[in-house]
Amino acid sequence: MKTPVVFNQHYTVYLEYFQGFSFIHCDCNKWNKNIKQQLQRDVSKLVELHRNPIYAFHDIEDNKHLKFLKLMSFNFYSDILCGDGKTRQLFVRGL
């Protein structure tokens, strides 16, 4: 279950706990330079306060999402074969 942990009028950041790991999700409804900078600060503060690694799944063909992960300072961790038979990538921040 996704739990909202950062609220902003332009985005909401969620954490989801699964098998002992924390996964991040983000819904953005507006985007510009100032919103990007605020989101980067909020994600950095979340990682600092959480004090455990935060992971993100990535569909390999989604270049826009990859750019977003890099903007948020997530790093490639590994490829993973998911239950639906599709290979995805796992990114992490806070290791």
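For every chain, the first residue of the written sequence is number 1, and numbering continues from 1 onward in sequence order. In keeping with the predicted nature of the model, local features appear solely for residues at pLDDT of at least 70, side-chain atom pairs appear and are counted solely at 80 or more, and the whole-chain, interface and lining totals rest on all residues. Remark: hydrogens and water are excluded; side-chain values derive from all non-hydrogen atoms of the structure.

Student: Outline the sheet that holds strand β6 (residues 87-93), supporting the account with residue identities and numerical values.
Tutor: The strand order across the open sheet built from six strands is β1-β2-β3-β4-β6-β5, with neighbouring strands paired in mixed fashion. The open sheet has two free edges, formed respectively by β1 (2-8) and β5 (75-81), since each of these has just one partner strand. On average, each strand axis in the sheet is tilted by 35° relative to the strand beside it, whichever way the strands run. Strands pair, by our definition, only if DSSP identifies at least two bridges between them. Runs of H or I in DSSP of at least four residues are treated as helices and runs of E of at least two as strands, each being numbered from the N terminus. Summarising the sheet, strand β4 (residues 54-58) and β6 pair through five bridges and their orientation is antiparallel. Residue A56 lies in a different strand from β6, and its bridge partner there is F91. In what follows, a contact means two residues having at least one pair of non-hydrogen atoms within 4.5 Å. Helix axes are fitted only over the stretch in contact, all axes being lines through C-alpha atoms; the angle between N-to-C directions runs from 0 to 180 degrees. Running at roughly 30° to strand β2 (residues 11-18), helix α1 (residues 33-50) makes contact with β1, β2, β3 (21-28), β4 and β6 of the sheet.

Student: An account of the side chain of R93 is requested, with residue identities and associated values reported.
Tutor: As for its position among the elements, R93 is in strand β6. Here a polar contact means two N or O atoms within 3.5 Å. Within protein one must be a hydrogen donor candidate and the other an acceptor candidate, and residues neighboring in sequence count only if both atoms are side-chain atoms. A polar contact of 2.7 Å, which involves the side chain of R93, links it to the side chain of S44. Setting aside anything within four residues of it in sequence, one finds R93 in contact with V43, S44, V47, N52, P53, I54, M72, S73 and F74.

Student: Can you tell me about the pairing of β2, naming the residues and giving the values?
Tutor: As paired elements, β1 and β2 share six bridges and run antiparallel to each other. Paired with F7 across the two strands is T12, which belongs to β2. Taking the residues between adjacent antiparallel strands as the criterion, β1 and β2 are bridged by two residues. Here β2 runs beside β3; their pairing, made up of eight bridges, is antiparallel. Each bridged residue has a counterpart across the sheet, and for Y14 the counterpart in β3 is H25.

Student: Could you give an account of the nonpolar core, with specific residues and numbers?
Tutor: By convention a nonpolar core is built from buried Ala, Val, Leu, Ile, Met, Phe, Trp, Tyr and Cys residues, the set being connected through side-chain atoms within 4.5 Å. For the exposure calls, accessible area comes from a 1.4 Å probe over protein chains only, and a residue counts as buried if that area is under 20% of its type's maximum, exposed if over 50%, partly exposed in between. One finds V13, I24, V43, I54 and F74 to be the most contacted residues of the largest nonpolar core, which totals 16 residues. In terms of residue count, the dominant contributor to this core is α1 (five residues).

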